[in-house]
Amino acid sequence: MRRTNSISIVMMSLLLACAPAETISVRVIDGDTVDAGLDANIRLTLDDGSGFDTPETFRSGCAAEADLGAKATVRLKRLLRDARTTDLNLGGRSCGFGRYCGALRVDGANVGETLIREGLAKRSKNYDWCNAI
């Protein structure tokens, strides 16, 4: 069964600066990408807008990357499931493949920082997981 969570999105746009936060449902695609029902997926970033990378789950380069990618995906789902508060600061479409960029915070902590601290992500856009594992 697919589980979705409600999160608040704060649009980082001057046009929407005075608008209230919107509550939507979010579905985890993998450890660094979510679907929030917009016209494109959201590639998650750190709070300063820099990228982080979790191992691939769809086109993994090796079995170890696929396994660690599955763990990162499950961890992100658990973070969202157990969250008291969630906020997504959504940026523009500068994250490649037509995706939006967005910093997701759960209970005040950026999920990327949490995944990095737990060894499930790296401060990089395209980390070479198979040669590092």
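For clarity, every value in this text was computed on a predicted model and none was experimentally measured. (Residues numbered from 1 in each chain as written. Predicted model: local features only at pLDDT ≥ 70, side-chain atom pairs only at ≥ 80, totals over all residues. Heavy atoms only, no water.)

(A) Structural view of the layout of surface pockets. A volume near 710 Å³ is recorded for the largest pocket. Along the walls of the largest pocket sit 33 residues, with Thr33, Arg43, Cys95, Phe97 and Arg99 positioned nearest its centre. If you list the elements that add at least two residues to the lining of the largest pocket, you get strand S2 (22-30), strand S4 (42-45) and strand S6 (100-106). Considered class by class, the residues forming the lining of the largest pocket number 11 nonpolar, 12 polar and 10 charged. (1 Å grid on protein atoms, 1.4 Å probe; cavity = no way out; pocket = protein on both sides within 12 Å on 5 of 7 lines; lining within 4 Å. Points joined across faces, edges and corners; volume = space filled by probe spheres on them. Helix = DSSP H or I, 4+ residues; strand = E, 2+ residues; numbered from the N terminus. Nonpolar A, V, L, I, M, F, W, Y, C, P; charged D, E, K, R; others polar.)

(B) Spatial organisation of the nonpolar core. Among the nonpolar cores identified, the biggest contains 25 residues, and Ile42, Leu44 and Leu76 are the most heavily contacted of them. Every element with two or more residues in this core is listed here: S2, S4, helix H1 (63-82), strand S5 (86-90), S6 and helix H2 (111-117). Examining the composition of this core, we find that five residues originate from one element, H1, more than from any other. When neighbours within four sequence positions are excluded, Ile42 is seen to be in contact with Asp32, Thr33, Val34, Ala36, Leu88, Leu90, Tyr100, Cys101 and Gly102. (Core = buried A, V, L, I, M, F, W, Y, C linked by side-chain atoms within 4.5 Å. Buried < 20%, exposed > 50% of the residue type's maximum accessible area, 1.4 Å probe, protein only. Contact = heavy atoms within 4.5 Å.)

(C) The arrangement of the confidence of the model for the chain in detail. Taken over all residues, the pLDDT of the chain has a mean of 83, while the share at 70 or more is 81%. With pLDDT under 50 throughout, residues 1-6 is counted as low confidence; its partners more than four residues away or in other chains account for 15 contacts. Throughout residues 8-19 the model reports pLDDT below 50, and contacts reaching past four residues in sequence, or to other chains, amount to 20 contacts. (pLDDT = per-residue confidence, 0-100.)

(D) Main features of the packing of aromatic side chains. Following the criterion strictly, the structure yields one aromatic pair and no others. Ring centres 4.7 Å apart and planes at 65 degrees place the aromatic pair Tyr127 and Trp129 in the edge-to-face group. Residue class for Tyr127 comes out partly exposed when judged on its relative accessible area of 29%. (Phe/Tyr/Trp six-rings, centres within 6.5 Å; stacked < 30°, edge-to-face > 60°.)

(E) View of the state of the cysteines. Taken as a whole and assessed by the stated rule, the structure comprises two disulfides. Linked covalently through their sulfurs, Cys62 and Cys130 form a disulfide whose S-S length is 2.2 Å. Disulfide Cys62-Cys130: the torsion about the S-S bond is -105 degrees, which places it as left-handed. Taken together, the residues Cys62 in the loop between S4 and H1 and Cys130 in helix H3 (residues 129-132) connect sequence positions 68 residues apart. Of the residues examined, Cys62 reaches a relative accessible area of 25% and is grouped as partly exposed. Between the sulfur atoms of Cys95 and its disulfide mate Cys101 the distance is 1.8 Å. The sign of the 125 degrees torsion about the S-S bond sets the Cys95-Cys101 disulfide as right-handed. Across the pair, exposure class does not vary: Cys95 and Cys101 are buried alike. Sequential numbering of the bridged cysteines in the chain gives the disulfide pattern 1-4, 2-3. (Disulfide = S-S within 2.5 Å.)

(F) Just unusual backbone geometry, in detail. Of note, the phi angle at Asp107 is positive, near 50 degrees, even though the residue is not glycine. Structurally, Asp107 can be placed in the loop between S6 and strand S7 (109-110). On the basis of relative accessible area, Asp107 is assigned to the partly exposed category, the value being 34%.

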